[in-house]
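Chain by chain, the residues:
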Amino acid sequence: MDSGGDKSSTMLMCTVVAIDHTSSFYRVCSVCERTLPDNNTASCHCQGFNALDPASKRLFRLLVSIATDTKVFVVICFDRAARVLFGCSADEFFDFAKLHPYAGSTASKILEGEMFRMTLSKPKNGNAQHARVVSVVPLRSGFRPAIEALREYYGVRAAS
């Protein structure tokens, strides 16, 4: 593993082994991006925002099993990196999955075996269990994000 001189991050070549599709999202305030509880009744009351109930949005939080040439381990992939894998926002994928209930497990199967160059950082939170994916670069020239393959699989055209 090459750390590129920075002890807080590590770059590696890896293969996706599996993605835990059972808990792939979390909700945040769409204004300040503070994390919100999972129940739909909770809202954020941002300072300086006039509405009493600003809308929320979903962000990706994926647990991904990856394999390097020496070991297999789990990493956590937050929104920016997960968008590379999925090719859409978490809200867009959530809406797609409402209409296609097996989209999460199918996306995991689609991405299984794909090779990536990932940059990992140590967890910022002392309680965190997994390294955090900072960046993802597909290694296969024909890589297609999961949502593109899912739309083709389910016969759905992209929204314009």
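Peer 1: Sorry if this is basic, but what is going on with empty space enclosed by the protein here?
Peer 2: Vacant regions in the atomic arrangement are exposed by a probe of water-molecule size rolled over the atoms. Scanning the model with the defined rule gives one cavity of 30 Å³ or more in all. Put simply, the largest cavity is a space of about 40 Å³. Together, Ile19, His21, Ser24, Phe60, Leu62, Phe86, Phe93, Gly104 and Ala107 line the largest cavity. Residues that form the lining of the largest cavity fall into these classes: six nonpolar, three polar and no charged.

Peer 1: What is the right way to read the packing of aromatic side chains from this model?
Peer 2: Applying the stated criterion to the full structure yields 10 aromatic pairs. Ring geometry for Tyr26 and Phe78: centres 6.3 Å apart, planes at 85°, overall edge-to-face. A residue pair is termed long-range when its members are at least 10 positions apart, and Tyr26 in strand S2 (residues 25–29) and Phe78 in strand S4 (residues 72–78) qualify at 52 residues. With a centroid separation of 5.9 Å and an interplanar angle of 65°, the aromatic rings of Phe96 and Tyr154 are classed as edge-to-face. One end of the pair, Phe96, is in helix H2 (residues 90–99); the other, Tyr154, is in helix H4 (residues 146–154), and 58 residues separate them in sequence. The exposure class assigned to Phe96 is buried, which follows from its relative accessible area of 9%. Accessibility expressed as a relative area gives 24% for Tyr154, which makes it partly exposed.

About the thresholds
Residues numbered from 1 in each chain as written. Predicted model: local features only at pLDDT ≥ 70, side-chain atom pairs only at ≥ 80, totals over all residues. Heavy atoms only, no water. 1 Å grid on protein atoms, 1.4 Å probe; cavity = no way out; pocket = protein on both sides within 12 Å on 5 of 7 lines; lining within 4 Å. Points joined across faces, edges and corners; volume = space filled by probe spheres on them. Nonpolar A, V, L, I, M, F, W, Y, C, P; charged D, E, K, R; others polar. Phe/Tyr/Trp six-rings, centres within 6.5 Å; stacked < 30°, edge-to-face > 60°. Helix = DSSP H or I, 4+ residues; strand = E, 2+ residues; numbered from the N terminus. Buried < 20%, exposed > 50% of the residue type's maximum accessible area, 1.4 Å probe, protein only.

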